[in-house]
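# Coordinate inspection notes
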Amino acid sequence: MAFIAGTLKMHMDEEDAFWTFCQILGARFNLRVVYDERNPALHECMNKFEHFLDLYLPRLSQHLESQNVKGFMYNPHWFLTFFVYRCRFDLIPCIWVMIFADGIIVVYKLGLAILEYFEEQLLQMEFEQMLPFFQPPSRFFQKKLYPVHVTLSWKD
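In what follows, the accompanying structure is described. Computed from a predicted structure; not experimentally measured. Just so you know, the residues in each chain are numbered from 1, in the order the chain's sequence is written. Note on the predicted model: pLDDT of at least 70 is required for a residue's local features to be given, and 80 or more for side-chain atom pairs to be given and counted; whole-chain, interface and lining totals, by contrast, use all residues. Side-chain calculation: all heavy atoms of the structure are included, whereas hydrogens and water are not.

## Quick look at the overall build of the protein
Each helix is a run of DSSP H or I of at least 4 residues and each strand a run of E of at least 2, with the numbering of both proceeding from the N terminus. Scanning the protein for helices and strands turns up nine helices and zero strands. Along the protein, helices (α) and strands (β) appear in the sequence α-α-α-α-α-α-α-α-α when read from the amino end. Counting over 156 residues, the protein shows a buried share of 43%. Here a residue-residue contact requires only that any non-hydrogen atoms of the pair lie within 4.5 Å. Here the contacts in the protein between residues at least 6 apart in sequence split such that 70% fall between residues at least 24 apart. For accessible areas, the Shrake-Rupley method is used with a probe of radius 1.4 Å. Any residue's cover is judged against the shown protein chains and nothing else. A total accessible area of about 9,000 Å² is found for the protein, and carbon and sulfur atoms account for 56% of it. Relative accessible area decides the class of each residue, using a 1.4 Å probe on protein chains only: under 20% of the type maximum gives buried, over 50% gives exposed, and in between gives partly exposed.

This is the structure we're talking about:
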């Protein structure tokens, strides 16, 4: 939560940051359940992400599975911090505008776009190379992020 609250505070005054944070945790995004100590909602998000990975990037999904790389090893911070933990600070407002406009689906789409962009590199890696690849400093946003379009069917 501190990543989100701190980022909001850096971009707006205290009262606006507070009410925006309330919307993120409350009705608009319901992230409060993701921060539950048992994390059932976070596990559900990661399971949905793995499902979308199977659908849209099957070769990469099979490769990650063959290397025993699970979603919880690289993507929980995407859901818990809306990419604050893993990307350049100047890109956060752009990403968050998309998330605030379209909802949590953007986290799935952007996550898949990142993996699609690096798919060929990841397909050449083994387990020992993949985990450092996903850790900070993130390679995801160090260069220009080229537009990658991923269309998802979404049902709650």
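## Some points on the nonpolar core
One recurring pattern in soluble globular proteins is that nonpolar side chains are buried together. We define the nonpolar core as a collection of buried residues of types Ala, Val, Leu, Ile, Met, Phe, Trp, Tyr and Cys that are connected through side-chain atoms lying within 4.5 Å of one another. With 44 residues, the main nonpolar core has Tyr74, Phe79, Trp96, Leu115 and Leu122 as its most contacted residues. Considering every element that reaches this core, the biggest residue donor is helix α7 (residues 105–117), with eight residues. Here tyrosine 74 is in contact with Phe49, Leu53, Leu64, Val69, Leu115 and Phe134, once residues within four sequence places are set aside.

## Description of the pattern of salt bridges
The rule for a salt bridge is simple: a side-chain nitrogen of Lys or Arg has to be within 4 Å of a carboxyl oxygen of Asp or Glu. Tallied over the full model, the rule gives two salt bridges. Between glutamate 44 and lysine 48 there is a salt bridge, and its shortest N-O distance comes to 3.5 Å. Remark: lysine 48 and glutamate 44 occur in helix α3 (residues 40–56); sequence separation between them is four residues, near one turn of the helix. With a relative accessible area of 46%, glutamate 44 lands in the partly exposed category.

## What to know about the packing of α3 against helix α4 (residues 58–66)
Running from amino to carboxyl end, α3 crosses α4 at an angle of 125 degrees, the nearest separation of the two axes being 5 Å. Taken together, α3 and α4 sit at an angle that is classed as oblique. Contacts from Leu53, Asp54, Leu55 and Tyr56 in α3 reach Pro58, Leu60, Ser61 and Leu64 in α4. Residues are sorted three ways: Asp, Glu, Lys and Arg are charged, Ala, Val, Leu, Ile, Met, Phe, Trp, Tyr, Cys and Pro are nonpolar, and all the rest, Gly among them, are polar. Residue composition of the contact of α3 with α4, by class: six nonpolar, one polar and one charged. The axes are straight lines fitted to the C-alpha atoms, using for helices just the contacting stretch, and the angles between their N-to-C directions are given from 0 to 180°. Note that the term roughly parallel is reserved for angles under 35 degrees, roughly antiparallel for angles over 145, roughly perpendicular for angles of 65 to 115, and oblique for everything else.

## Details of a negative patch on the surface
Patch membership requires over 30% relative accessible area and the absence of a salt bridge. Like charges are linked within 9 Å, and nonpolar side chains (Val, Leu, Ile, Met, Phe, Trp, Tyr) within 5 Å. Only four residue types enter the tally: Lys and Arg on the positive side, Asp and Glu on the negative side, with His and both chain ends excluded. Positions of charges follow a simple convention, taking NZ of Lys, CZ of Arg, CG of Asp or CD of Glu. A grouping of Asp13, Glu14, Glu15 and Asp16 is seen on the molecular surface, where their side chains present a negatively charged patch. Considering the arrangement of structural elements, one finds aspartate 16 in helix α2 (residues 14–25). Judged by relative accessible area, which is 40%, aspartate 16 ranks as partly exposed.

## Re the environment of phenylalanine 83
Here phenylalanine 83 shows up in the loop between α5 (76–81) and α6 (92–102). Between the C-alpha atoms of phenylalanine 83 and glycine 111, which are 28 residues apart in sequence, the distance is 9.2 Å.

## Side note on the side chain of histidine 63
Considering the arrangement of structural elements, one finds histidine 63 in helix α4. For histidine 63, a relative accessible area of 14% gives the class buried. Residues contacting histidine 63, with those up to four places away along its chain left out, are Leu122, Leu123, Met125 and Met130.

## Structural notes on the side chain of glutamate 119
Mapping glutamate 119 onto the fold places it in helix α8 (residues 119–123). Buried within the structure, glutamate 119 lacks any salt-bridge partner; arginine 59 is the closest side chain of opposite charge, at an N-O distance of 4.8 Å. Contact partners of glutamate 119, with chain neighbours within four places excluded, come to Leu57, Arg59 and Leu60.

## Thoughts on unusual backbone geometry
Glycine aside, negative phi is the norm for most residues, and most peptide bonds take the trans geometry. Non-glycine residue asparagine 68 carries a positive phi angle of around 60 degrees. One can find asparagine 68 in the loop between α4 and α5. According to the relative accessible area criterion, asparagine 68 is partly exposed, its value standing at 48%.

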